[in-house]
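Here is what each chain is made of, one letter per residue.
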Amino acid sequence: MNVLACIKRVPNTGAKIVLTDDNQRIDTSNLGFTMSPHEECAVEEAIQQVETHGGSTHVLTLGPEEATEQLRTGLAMRADEATLLETDGEEWGPRETASAIATAIRDLPEDDAEFDLLLFGNESADMANYQVGVRVATELDLPCVTGIKSLEVEDGVATAKREIGGGEEVYEIDLPAVVSVKEGINEPRYASMRAKMQARRQEVGRLEPDRTEAPGTFEKTRLEAPEADDSDAMVLGEGTDAVPEIVELLESEIEVL
């Protein structure tokens, strides 16, 4: 089984976000970057499926040259191949991104070794627009299920489970298919230093995606960084001694009791 996991290079979660003077972009000069957490789980799931069923794992991202760092993280986690859809660093919307990824998915397989399973993170940590995986599935005319916390594959059929209030939904879809997973579906492995060093020597494929900008329904005017909450934490007490204070707070200030 051949599995493709699509990832994205995002600022470190929890990092302080500083905007450029024109409020159009994030100032990345002092930011660290990482793989989006949901997508880290997608890479781990791809590797686990191949470990179980055989085949190969391919990681792919659209982004600048610096995004090879996140691809090499995927290789260090034991992915077999990696491809960068190299851009100049400008922001791409979900439509253009999905179109470029779909084109690459058509072009990448060799010797008719098409991908059986396409894994995405449910949403990226920076934009959280939930669109790219669904758009890729639509463009490739493949079945798609999102928000998955459990995935099993057997005899060309994927059984995917999504958590809902009070239970879960279960989907059975024929492969090839697109699945977007949520953090918690697995625990991504920690790559050893040796694996990281080996990944630095592995070749990363490169493609130049065509950007066909589609008309959008909105226009970005500016970005706004959320205000920092510098208020002090209130300690109401310890153990059961804190219960009366908590009840008083819920009644008088929060008004939920």
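Here the structure is a predicted model, which means the values were calculated and not measured. (Residues numbered from 1 in each chain as written. Predicted model: local features only at pLDDT ≥ 70, side-chain atom pairs only at ≥ 80, totals over all residues. Heavy atoms only, no water.)

*Asks:* I'm lost on the overall build of the protein in this one. Help?
*Replies:* Counting its secondary structure elements, the protein contains 6 helices and 12 strands. For the C-alpha atoms alone, the extent of the protein along its principal axes is close to 70 × 50 × 45 Å. The buried share of the protein, taken over its 257 residues, is 37%. Residue pairs in contact within the protein that sit at least 24 positions apart in sequence constitute 70% of those at least 6 positions apart. Accessible surface computed for the protein: about 15,600 Å², of which carbon and sulfur atoms make up 44%. A gap of 6 Å separates the mean positions of the 22 positive and 55 negative side-chain charges of the protein. (Helix = DSSP H or I, 4+ residues; strand = E, 2+ residues; numbered from the N terminus. Buried < 20%, exposed > 50% of the residue type's maximum accessible area, 1.4 Å probe, protein only. Contact = heavy atoms within 4.5 Å. Areas by Shrake-Rupley, 256 points an atom, 1.4 Å probe, with all protein chains shown as cover. Lys, Arg positive; Asp, Glu negative; His and termini not counted. Charge placed at Lys NZ, Arg CZ, Asp CG, Glu CD.)

*Asks:* For this particular structure, what's the right way to read the pattern of salt bridges?
*Replies:* Using the criterion set out here, one finds 9 salt bridges in the structure. For Glu169, the salt bridge identified is with Arg162, shortest N-O distance 2.9 Å. Taken together, the shared-partner salt bridges in this structure form one network comprising Glu44, Glu51 and Arg189. (Salt bridge = Lys/Arg side-chain N within 4 Å of Asp/Glu carboxyl O.)

*Asks:* Honestly, the state of the cysteines in this entry has me stumped. Any pointers?
*Replies:* In protein structure, a disulfide is the covalent linkage between the sulfur atoms of two cysteines. Tallied over the full model, the rule gives 0 disulfides. Sulfur of Cys6: no disulfide; nearest cysteine sulfur belongs to Cys144 and is 12 Å away. Cys144 gets classed as partly exposed once you look at its relative accessible area, which sits at 31%. (Disulfide = S-S within 2.5 Å.)

*Asks:* When you look at the layout of surface pockets in this model, what are you seeing that I'm missing?
*Replies:* Remark: the empty space left among the atoms is shown by a probe the size of a water molecule rolled over them. The computed volume of the second largest pocket comes to approximately 370 Å³. For the second largest pocket, the lining is made up of 18 residues, of which Glu69, Thr73, Ala76, Ala191 and Lys196 are closest to its centre. Its residues assigned to classes, the lining of the second largest pocket comprises 9 nonpolar, 3 polar and 6 charged. (1 Å grid on protein atoms, 1.4 Å probe; cavity = no way out; pocket = protein on both sides within 12 Å on 5 of 7 lines; lining within 4 Å. Points joined across faces, edges and corners; volume = space filled by probe spheres on them. Nonpolar A, V, L, I, M, F, W, Y, C, P; charged D, E, K, R; others polar.)

*Asks:* Just checking my understanding: could you explain the side chain of Gln49 for this structure?
*Replies:* In this structure, Gln49 sits in helix H1 (residues 37-53). Contact partners of Gln49, with chain neighbours within four places excluded, come to Met1, Gly54, Leu117, Leu151, Glu152 and Val153.

*Asks:* Help me out: how do you make sense of the sheet that holds strand E8 (residues 150-154) in this one?
*Replies:* Strands pair in a sheet through their backbones, by hydrogen bonds, and they do so in one of two ways: parallel or antiparallel. Strand order in the open sheet made by the 3 strands is E8-E9-E10, with antiparallel pairing throughout. Since the sheet does not close on itself, it has two edges, and those belong to E8 and strand E10 (167-174), each with one partner. Direction aside, neighbouring strands of the sheet carry axes that sit 20° apart on average. Alignment of E8 against strand E9 (residues 157-164), held across 5 bridges, turns out to be antiparallel. Across the sheet, the residue bridging to Val153 is Ala158, located in E9. (Pairing = 2+ DSSP bridges. Axes fitted to C-alpha atoms, helices over the stretch in contact; angles between N-to-C directions.)

*Asks:* Just checking my understanding: could you explain the packing of helix H2 (residues 68-76) against helix H5 (residues 193-201) for this structure?
*Replies:* Working note: a packed helix pair is described by the angle between its axes plus the distance between those axes. With their axes 8 Å apart at the nearest point, H2 and H5 run at an angle of 125° to one another. Between H2 and H5, the interaxial angle falls into the category oblique. Here H2 and H5 pass one another in a crossing that is right-handed. Here H2 contributes Arg72, Leu75 and Ala76 to the contact with H5, which in turn contributes Ala195, Lys196, Ala199, Arg200 and Arg201. Of the residues contributing to the contact of H2 with H5, the split by class is 4 nonpolar, no polar and 4 charged. (Parallel < 35°, antiparallel > 145°, perpendicular 65-115°, else oblique. Left-handed = near helix turned anticlockwise from the far one by under 90°.)

*Asks:* How do you make sense of the sheet that holds strand E11 (residues 177-181) when you look at a structure like this?
*Replies:* Overall, parallel pairing links the 7 strands, which are arranged E7-E11-E6-E1-E4-E5-E12 in an open sheet. On the outer flanks of this sheet lie strand E7 (144-148) and strand E12 (205-207), each paired with one strand and no other. If you compare each strand with its neighbour and ignore which way they point, the axes differ by 20° on average. Direction of pairing for strand E1 (residues 2-7) relative to strand E6 (residues 117-121): parallel, over a ladder of 3 bridges. Each bridged residue has a counterpart across the sheet, and for Val3 the counterpart in E6 is Leu117. Running at roughly 145° to strand E4 (residues 56-63), helix H3 (residues 94-107) makes contact with E1, E4, strand E5 (81-86), E6 and E12 of the sheet.

*Asks:* Can you help me understand H2 in this one?
*Replies:* Each turn of an α-helix holds 3.6 residues, which means side chains three or four residues apart point in the same direction. Counting buried positions over the 9 residues of H2 gives 7, a clear majority of the element. Turning to H2, its buried residues are Thr68, Gln70, Leu71, Arg72, Gly74, Leu75 and Ala76. Of the residues flanking the end of H2, it is Arg78, one or two places downstream, whose phi is positive at about 100°.

*Asks:* How should the environment of Ala125 be read in this particular structure?
*Replies:* Within the secondary structure layout, Ala125 lies in the loop between E6 and helix H4 (132-140). A relative accessible area of 42% places Ala125 in the partly exposed class. Ignoring anything within four residues of it in the chain, the contact list for Ala125 reads Val10, Thr13, Ser36 and Pro37.

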